[in-house]
Amino acid sequence: MDSVLSKEIPQNQDGSFFIDLEPRTLRNVKICPNQICTIPLDTAKVRLQLQKKAVAGDGVALPKYRGLLGTVGTIAREEGMSALWKGIVPGLHRQCLFGGLRIGMYEPVKAFYVGKDHVGDVPLSKKILAALTTGGLAITIANPTDLVKVRLQSEGKLPPGVPRRYSGSLNAYSTIVRQEGVGALWTGLGPNVARNAIINAAELASYDQVKQTILKIPGFKDNVLTHLLAGLGAGFFAVCIGSPVDVVKSRMMGDSTYKNTLDCFVKTLRNDGPLAFYKGFIPNFGRLGSWNVIMFLTLEQAKKFVQRIESS
């Protein structure tokens, strides 16, 4: 047992939090509860991002969704509390694929970029490059799950007698393939790769860097407080940097009227203004901030647990 763990979990020399080849089952067990807890925030974020600027007719047209609490309240009131968990099944599919791949590949890819003979702290540029690479590769594989999640989340209250487009996640996969072709499962791939590569880099590299910086401050130790602060910092940086491409990704996946990424970007900017690219910022930060805190705290504790087993 010890010999197996020692092969799978080599010590990191640069203070990074990752376990190089952490067992896949453990990694996905940690990821899935996070998704279940944060999916209501993700649903609210998608609704806000898809909401276009209201066009006034005879009077002033007010947006249907207003802010995090207003959006959550409107969805719960009109569609029931369960509607906040729309897209949970493809969301779990996505996290098992994307979450497992991006985290599992990060350390090996980072080691590849710095070279096997590297000694000392890994440069920030190498961390960013490794995170961009793993984020882009992982979401390319997981894009169909993201598409189905957004399609299910975007469908609000329908008029009486109007059937829903999809009866569930499996029906959504098959319906999209049947009606739009297999290639449609990769709709929005461009902004999705950009979004997840950027957010992955912001999360993983900034967590590594913030934690490394905090540990150099007198009085701070490698403990829960440090992990909490570094996780919040990682979530904040990720939302600030990734929000514009996240909005474009959500709109392309939820609305088939856009021709391509550039068309979506230009129309959003022209019709809704530059602030539209930060729609859903608060629920997005609430989701990614809590997500990062839970994920990194769990990863750190798992790392310590396995290292205790290894050393025993």
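A. Geometry of the overall build of the chain. Helix and strand counts for the chain stand at 10 helices and 0 strands. When the helices and strands of the chain are placed in sequence order, the string is α-α-α-α-α-α-α-α-α-α. The buried share among the 312 residues of the chain stands at 48%. Across the chain, the fraction of contacts at a sequence separation of at least 24, relative to all contacts at a separation of at least 6, is 78%. Accessible area for the chain stands at about 14,400 Å²; split by element, carbon and sulfur atoms hold 67% of it.

B. View of the packing of aromatic side chains. Counting across every chain of the model gives 6 aromatic pairs. Measuring from centroid to centroid gives 5.9 Å for F236 and F285, while their planes differ by 90 degrees, and the two rings are edge-to-face. Linking F236 in helix α8 (residues 224–254) with F285 in helix α10 (residues 281–311), this pair joins segments that are 49 residues apart in sequence. The exposure class of F236 is partly exposed, given its relative accessible area of 40%. Look at F285 and you get partly exposed, because its relative accessible area is 27%. With a centroid separation of 4.8 Å and 25 degrees between ring planes, the pair formed by F265 and F277 is classed as stacked.

C. Expanded view of helix α7 (residues 189–215). With 27 residues, α7 ought to run about 39 Å at 1.5 Å a step, and its terminal C-alpha atoms sit 38 Å apart, in line with that. The largest bend in α7 is about 25 degrees, located at S206.

D. Broad picture of the packing of α7 against α10. At a minimum axis separation of 12 Å, α7 and α10 run at an interaxial angle of 55 degrees. Classified by the interaxial angle, the pair formed by α7 and α10 is oblique. The crossing of α7 and α10 is right-handed. Contacts from R195, I199, E203, L204, Y207 and K211 in α7 reach R287, L288, W291, N292, F296 and E300 in α10. Of the residues that constitute the contact of α7 with α10, the class distribution is 6 nonpolar, 1 polar and 5 charged.

E. Geometry of the confidence of the model for the chain. Summary statistics for the chain give a mean pLDDT of 82 and a share of 86% for residues scoring 70 or more. Within the chain, helix α6 (residues 169–180) carries the highest mean pLDDT (94), whereas helix α1 (residues 2–8) carries the lowest (36).

F. Spotlight on the pattern of salt bridges. Using the criterion set out here, one finds 22 salt bridges in the structure. In this structure, D246 engages K45 in a salt bridge whose closest nitrogen and oxygen atoms are separated by 3.1 Å. With D246 in helix α8 and K45 in helix α2 (residues 24–50), the pair connects residues that are 201 residues apart, well separated along the chain. With a relative accessible area of 0%, D246 lands in the buried category. Accessibility expressed as a relative area gives 1% for K45, which makes it buried. In this structure, the salt-bridge partner of K149 is D146, at a minimum N-O distance of 3.9 Å. Taken together, the residues span about one helical turn, with K149 and D146 both in helix α5 (residues 124–154) at a distance of 3 residues. Judged by relative accessible area, which is 3%, K149 ranks as buried.

About the thresholds
- Residues numbered from 1 in each chain as written.
- Predicted model: local features only at pLDDT ≥ 70, side-chain atom pairs only at ≥ 80, totals over all residues.
- Heavy atoms only, no water.
- Helix = DSSP H or I, 4+ residues; strand = E, 2+ residues; numbered from the N terminus.
- Buried < 20%, exposed > 50% of the residue type's maximum accessible area, 1.4 Å probe, protein only.
- Contact = heavy atoms within 4.5 Å.
- Areas by Shrake-Rupley, 256 points an atom, 1.4 Å probe, with all protein chains shown as cover.
- Phe/Tyr/Trp six-rings, centres within 6.5 Å; stacked < 30°, edge-to-face > 60°.
- Expected span 1.5 Å × (residues − 1).
- Bend = angle between axes of the 7 residues up to and from the residue.
- Axes fitted to C-alpha atoms, helices over the stretch in contact; angles between N-to-C directions.
- Parallel < 35°, antiparallel > 145°, perpendicular 65-115°, else oblique.
- Left-handed = near helix turned anticlockwise from the far one by under 90°.
- Nonpolar A, V, L, I, M, F, W, Y, C, P; charged D, E, K, R; others polar.
- pLDDT = per-residue confidence, 0-100.
- Salt bridge = Lys/Arg side-chain N within 4 Å of Asp/Glu carboxyl O.

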